[in-house]
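Tertiary structure, described
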Amino acid sequence: MLSRQFLAPMLGFALAACAVAVHAAEPTKPLQVLLVAGGCCHDYATQTQLLKKGIESRTRAHVEVAYNPDKSTKATFDVYAKDDWDRGYDVILHDECSADVADRDYVARILAAHRRGTPAVNIHCAMHSYRWGDFKEKVAAGADNAGWFEMIGIQSTSHGPQFPIAIAFGDRSHPIVKALADWTTINEELYNNIQVFPSATVLAKGTQAIPPKPKQGEPADPAAKPAEVTTAVAWTNEFGPNRTRIFSTSLGHNNETVADDRYLDLVTRGLLWSAGRLGDDGAIAPELQLSAGEQAAATDWVSSVSLPAEERGKSVRLFNGRDLEGWEGHIDPYWSVDGGEIVAKNTAENAPPVSTYLLTKKPYRNFRLLLEGKLATSEMHSGVAIWGKKFDKDGESSSYQGHLVMFPSGWGLYDLYRRNGISGDQGGRAKAAGKQHDWNQLEILAIGSRIRMAVNGKAVLDWTDPKPELCEAGPIGLQLHSNKVPQEVRFRGLVLVEDPQDVLVTAEPTTAP
């Protein structure tokens, strides 16, 4: 059972939050979050990435995105197809805008998960989804069309024009509200409140000043006073026989609002509270607090890369920012973690006589890999090995046989322990784009028998192996080259997408030869 002892109250989600110790015991599993998004009237392709990045940079969580690009009010989601669709998730983040989905069985299947105890967070247009009948009037408790509203806790049916909303938090004793300050949004939509159910607790109200509309053909009266409208904009609810925790906010129409740190703090705290991971004092559970390295990993260059819509939700971090979970190799004395970076290092005395590799435990075949690499000490190249296997060479059991994408000294491709050099630096493009002793932003796209690479925003390599039989699924390997002098190479980011779209995303796309 998870510990209920919490650290001292957290001061928001500032990056200076307390780092947690790395324990020798089995690593704590991150909070498993399912974000369901899509439908009418919003830029969900962007907002899903803002939410995923924002949550994962505030707490130890993995946000899986189920995104439907359907922009109609009838968007549905395959993830809800099974009765146990919520299995494996700690909390569901509803960001749908499916106002005209009225399939009773479909909606009942969604609600059943929350009735049996799976927590939920509802954002913005989720309030206006899954409605039918005379939903503009107060629904009766237990009525055929009441279920979704009862889960949310407030019945809302419409919104007014977009103007700034002044947000004021009420009861400061609630864990979600602690450490949050009142603020005013940019132009946003203020949702109405038809009714607040007895099971709901309002945490924040929003006030919007709406100037009167001038009469047709007449100029606006500068002396006319705006009308003030105030409604609930953030609240909690207890739903069903298990009193499942639900948090909702009607804010979040525009990308600028969703990207606002104050909004992301609110959503993340609501998510943690719903999942029972926020203490009464407002402190995040220790096992879900990010270390300094994890914070750095969550806000690195890789996290800023915009992936194609088809890949959103499929990306995985091979490196968690705090330890080498998921990796294997000749770790002692060559591999360690420092400040959210993987460090490969040797002295002159223990320099590896054979190149050694830090290897993922899982094999990969067709993928996009985003990472940053830096040669800190020595002039010997490093690289990323793919499409091969762990190889025992002269007593080094963690060497590699397969393709090596080299950087930065010897840009190009090498076939380890088979054909040797297979492609040099094509036209000198990689050397021109790369940095010898600084961070290089790398994108490796490996599909079929074709390898492409972008370096610091420039497409530099495009090579197809004439022997596709040598292109097999294999571990990703980070190289510390054989040498006789001190070396240090650093890696960070390391985000991978399997079965990606056939284009480079950090440089001008290359086309198939």
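We now turn to the structure provided with this report. (Residues numbered from 1 in each chain as written. Predicted model: local features only at pLDDT ≥ 70, side-chain atom pairs only at ≥ 80, totals over all residues. Heavy atoms only, no water.)

1. Details of the overall build of the protein
When its secondary structure is counted, the protein shows nine helices and 26 strands. Taking 24 Å as the expected radius of gyration for a compact globule of 513 residues, we find that the protein reaches 26 Å, a close match to that expectation. In terms of its C-alpha atoms, the protein occupies a principal-axis envelope of roughly 80 × 55 × 50 Å. Across the 513 residues of the protein, 55% fall into the buried class. Once local pairs closer than 6 in sequence are excluded, the contacts in the protein between residues at least 24 apart make up 74%. Summed over all atoms, the accessible surface of the protein reaches about 21,600 Å², with 51% contributed by carbon and sulfur. The centroid of the 53 positive side-chain charges in the protein is displaced by 0 Å from the centroid of its 63 negative side-chain charges. (Helix = DSSP H or I, 4+ residues; strand = E, 2+ residues; numbered from the N terminus. Rg over C-alpha atoms; globule rule 2.2 N^0.38 Å. Buried < 20%, exposed > 50% of the residue type's maximum accessible area, 1.4 Å probe, protein only. Contact = heavy atoms within 4.5 Å. Areas by Shrake-Rupley, 256 points an atom, 1.4 Å probe, with all protein chains shown as cover. Lys, Arg positive; Asp, Glu negative; His and termini not counted. Charge placed at Lys NZ, Arg CZ, Asp CG, Glu CD.)

2. Things to note about the sheet that holds strand β18 (residues 382–393)
Taken in spatial order, the seven strands make up an open sheet running β13-β16-β25-β18-β19-β20-β21, and their pairing is antiparallel. Looking along the sheet, the strands with just one partner apiece sit at the ends: β13 (327–329) and β21 (420–423). Strand-to-strand twist in this sheet, taken as the mean axis angle between neighbours without regard to direction, amounts to 35°. Where strand β16 (residues 356–364) lies against strand β25 (residues 474–480), six bridges are found, and the strand directions are antiparallel. Across the sheet, Pro363 pairs through a bridge with Pro475, a residue of β25. (Pairing = 2+ DSSP bridges. Axes fitted to C-alpha atoms, helices over the stretch in contact; angles between N-to-C directions.)

3. Details of the packing of aromatic side chains
According to the stated counting rule, one finds nine aromatic pairs in the structure shown. Between Tyr130 and Trp148 the ring centres are 4.7 Å apart and the planes differ by 85°, which places this aromatic pair in the edge-to-face class. Residue Tyr130 is found in the loop between β4 (120–123) and α3 (147–152), and its partner Trp148 is found in helix α3; the two are separated by 18 residues along the sequence. The burial state of Tyr130 is the same as that of Trp148; both residues are buried. Plain terms: the ring middles of Phe407 and Phe491 are 6.1 Å apart, the flat faces sit at 85° to each other, and that makes the pair edge-to-face. Here the residue Phe407 occupies a position in strand β19 (residues 396–407), and Phe491 occupies one in strand β26 (residues 487–498), the gap between them amounting to 84 residues. The structure contains a cluster of three or more aromatic residues connected by ring pairs, namely Phe77, Tyr80, Trp85, Tyr106, Tyr130 and Trp148. (Phe/Tyr/Trp six-rings, centres within 6.5 Å; stacked < 30°, edge-to-face > 60°.)

4. Some remarks on the nonpolar core
What tends to happen in soluble globular proteins is that the nonpolar side chains get buried as a cluster. Membership of the largest hydrophobic core comes to 74 residues, with the highest contact counts inside it found for Leu31 and Tyr130. The greatest single-element share of this core, amounting to seven residues, is contributed by helix α5 (residues 261–274). Ignoring anything within four residues of it in the chain, the contact list for Leu31 reads Arg60, Ala61, His62, Asp90, Val91, Leu271, Leu272, Ala275, Arg277 and Leu288. One finds Leu324, Leu442, Val455 and Leu480 within the second-largest nonpolar core, a separate group that totals 41 residues. (Core = buried A, V, L, I, M, F, W, Y, C linked by side-chain atoms within 4.5 Å.)

5. Observations regarding the environment of Lys213
Tracing the chain through its elements places Lys213 in the loop between β9 (200–210) and β10 (227–239). Through-space distance from the C-alpha of Lys213 to that of Trp327 is 63 Å; in sequence the pair is 114 residues apart.

6. A word on helix α1 (residues 44–56)
Across its 13 residues, α1 extends 18 Å between first and last C-alpha, which sits within 8% of the 18 Å expected from 1.5 Å per residue. Within the sequence span of α1, burial applies to Tyr44, Ala45, Gln47, Thr48, Leu51, Lys52, Gly54, Ile55 and Glu56. (Expected span 1.5 Å × (residues − 1).)

7. Describing the state of the cysteines
Enumeration according to the criterion identifies two disulfides in this entry. Note on cysteine connectivity: Cys40 is disulfide-linked to Cys41, with sulfurs 1.8 Å apart. Taking the torsion about the S-S bond as the criterion, the Cys40 to Cys41 disulfide, at about 45°, is right-handed. Classification of Cys40 as buried rests on a relative accessible area of 13%. Put simply, Cys97 and Cys125 are joined by a disulfide, and their sulfur atoms are 2.0 Å apart. The disulfide joining Cys97 to Cys125 has a torsion of about 40° about its S-S bond and is therefore right-handed. Note that Cys97 is positioned in strand β3 (residues 91–97) and Cys125 in the loop between β4 and α3, a separation of 28 residues in sequence. No difference in accessibility class separates Cys97 from Cys125, as the two residues are buried. Should the bonded cysteines of the protein be numbered as they appear in the sequence, the pairing reads 1-2, 3-4. (Disulfide = S-S within 2.5 Å.)

8. Some thoughts on the pattern of salt bridges
Two side chains bearing opposite charge may form a pair once their charged atoms approach each other closely. By the definition in use, this model includes 28 salt bridges. Here Glu294 makes a salt bridge to Arg60, at a shortest N to O gap of 2.6 Å. Taken together, the positions of Glu294 in helix α6 (residues 292–298) and Arg60 in the loop between α1 and β2 (61–68) put the pair 234 residues apart, joining distant regions of the chain. In this pair, the class of Glu294 matches that of Arg60, namely buried. Salt bridges here are not isolated pairs; linked through shared partners, they connect Asp338, Glu341, Lys345, Glu372, Glu488, Arg490 and Arg492. (Salt bridge = Lys/Arg side-chain N within 4 Å of Asp/Glu carboxyl O.)

9. What about the pairing of strand β24 (residues 458–464)?
Strand residues, when the strand is regular, have side chains that alternate between the two faces of the sheet. Summarising the sheet, strand β23 (residues 450–455) and β24 pair through six bridges and their orientation is antiparallel. Bridge pairing links Met453 to Leu461 in β24. Where β23 hands over to β24, the hairpin turn is made up of two residues, of which Asn456 adopts a positive phi near 50°.

10. Observations regarding the packing of α1 against α5
Look at α1 against α5: their axes get within 10 Å of each other, and the N-to-C directions meet at 70°. By the angle between their axes, α1 is roughly perpendicular relative to α5. When you trace α1 past α5, the crossing you get is right-handed. When α1 is examined against α5, the residues Leu50, Leu51, Gly54 and Ile55 are found in contact with a partner set consisting of Tyr263, Leu264, Val267, Thr268 and Leu271. When its residues are assigned to classes, the contact of α1 with α5 shows seven nonpolar, two polar and no charged. (Parallel < 35°, antiparallel > 145°, perpendicular 65-115°, else oblique. Left-handed = near helix turned anticlockwise from the far one by under 90°. Nonpolar A, V, L, I, M, F, W, Y, C, P; charged D, E, K, R; others polar.)

As far as function goes, none of this settles anything; it's purely spatial.
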